[in-house]
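Understanding the architecture of this molecule
Single-letter residue listing:
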Amino acid sequence: MQDIIVFFTHNWWLAFPLIWAVARGGRGINRAAERRHRRRVEMYKLRHPEVAGPPEAAQLPPMQQETLAKDPDAFSEADVARVMETHDAVNRRWLDYELDVGKLIDFPMMTDVREPLTVAFLRAKRDADALRPVAASDVTSKVRWDDYRNAVNAYDVAFDVAEKEARRLKDTAFSEAERGRLDTARKLVNIAENEAASPAERQSAYKRARKELDGIIVLPDVTLASLEQKVARMIDRSK
């Protein structure tokens, strides 16, 4: 022990790289622990979306933390309005797909009801829409507040997970022949929406695109209606 003390007394500068190495190792361990924690949280949300709940109290603004400390069951009209805004934001994200047939062709899992994640977010959307109040002031009971807030949180998480998986998979779940038909349909949709194409070309491209997609992906009625309206407007402008 005495020899070690003497060694470091004459070579004190070696302590700096040693301290740096220990600190770096500690940061790496902390980052790994944080990543494991985030993965556990996401898996828990996926398995239990109905209890995803609001942000933890520690993440809330000081004023809201104080309110919760005084009355854990307290909520305000502004709280309901914020959840309604979140609900609207997720609906807009889904509407971006519903109104864009090209986007659905690029990410077909978003309408594939054979996929559990797609079914999960569609069911969560149905539940959140059913619980949505007409106005924030309509939510006056704690039970209704909890039900609506939890439903919107579940919808938000379920849609986010489904969208990420759809963007990861793209068309890999289809056979080579089906991928070829999807690619053809995507090109035909581009022609149908192209203002430089003639009315006859647009109508022909639209009909052929629907034929290519038949039996591969199911387009929601609102998606088909949106595409038909686009084609019709372009044809009217060209007359």
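These numbers come from a predicted model, not from an experiment.

1. Comments concerning the overall build of the chain
- If you tally the helices and strands in the chain, you get 10 helices and zero strands.
- Start at the N end of the chain and walk to the C end: the helices and strands fall as α-α-α-α-α-α-α-α-α-α.
- Residues counted as buried form 29% of the 239 residues belonging to the chain.
- Of the roughly 15500 Å² that the chain leaves accessible, carbon and sulfur atoms contribute 56%.

2. Examining the pattern of salt bridges
- In total, this model carries 16 salt bridges according to the counting rule given.
- One salt bridge in this structure joins Arg93 and Asp160, with 3.4 Å as the shortest N-O distance. Placement of Arg93 in helix 4 (residues 77-98) and of Asp160 in helix 7 (residues 142-169) is noted, with a sequence separation of 67 residues between them.
- Given the relative accessible area of 25%, Arg93 is considered partly exposed.

3. Focus: the packing of helix 8 (residues 176-192) against helix 9 (residues 199-213)
- Relative orientation of the contacting elements helix 8 and helix 9 amounts to 155°, with a least axis distance of 8 Å. In terms of orientation, helix 8 lies roughly antiparallel with respect to helix 9. Crossing of helix 8 against helix 9: the hand is left-handed. Here Arg181, Leu182, Thr184, Ala185, Leu188, Val189, Ile191 and Ala192 of helix 8 lie close against helix 9, whose contacting residues are Glu201, Arg202, Ala205, Tyr206, Arg208, Ala209, Lys211, Glu212 and Leu213.

4. Section: the packing of aromatic side chains
- Inspection of the entire model under this criterion finds five aromatic pairs.
- Centre to centre, the rings of Trp94 and Phe121 are 5.3 Å apart; their planes meet at 70°, and the pair counts as edge-to-face. One end of the pair, Trp94, is in helix 4; the other, Phe121, is in helix 6 (residues 116-131), and 27 residues separate them in sequence.
- Arranged with centres 6.3 Å apart and planes meeting at 65°, the rings of Tyr97 and Phe159 form a pair that is edge-to-face. You can see Tyr97 sitting in helix 4 and its partner Phe159 sitting in helix 7, a full 62 residues away along the chain. Comparing Tyr97 with Phe159 shows no difference in burial state: the two are buried.

5. Focus on helix 7
- Look at helix 7: 40 Å from first C-alpha to last across 28 residues, which is about the 40 Å you get at 1.5 Å a residue.
- Of the residues one or two after helix 7, Lys170 is the one with positive phi, at around 50°.

6. Section: the environment of Val119
- When you line up the elements, Val119 lands in helix 6.
- Separated by 40 residues in sequence, Val119 and Phe159 place their C-alpha atoms 10.0 Å apart.

7. Observations regarding the side chain of Asp79
- Mapped onto the elements, Asp79 comes out in helix 4.
- Within the structure, the side chain of Asp79 is placed 2.3 Å from the side chain of Arg82, a separation counted as a polar contact.

Cut-off values and rules
- Residues numbered from 1 in each chain as written.
- Predicted model: local features only at pLDDT ≥ 70, side-chain atom pairs only at ≥ 80, totals over all residues.
- Heavy atoms only, no water.
- Helix = DSSP H or I, 4+ residues; strand = E, 2+ residues; numbered from the N terminus.
- Buried < 20%, exposed > 50% of the residue type's maximum accessible area, 1.4 Å probe, protein only.
- Areas by Shrake-Rupley, 256 points an atom, 1.4 Å probe, with all protein chains shown as cover.
- Salt bridge = Lys/Arg side-chain N within 4 Å of Asp/Glu carboxyl O.
- Axes fitted to C-alpha atoms, helices over the stretch in contact; angles between N-to-C directions.
- Parallel < 35°, antiparallel > 145°, perpendicular 65-115°, else oblique.
- Left-handed = near helix turned anticlockwise from the far one by under 90°.
- Contact = heavy atoms within 4.5 Å.
- Phe/Tyr/Trp six-rings, centres within 6.5 Å; stacked < 30°, edge-to-face > 60°.
- Expected span 1.5 Å × (residues − 1).
- Polar contact = N/O pair within 3.5 Å; in protein donor to acceptor, adjacent residues only side chain to side chain.

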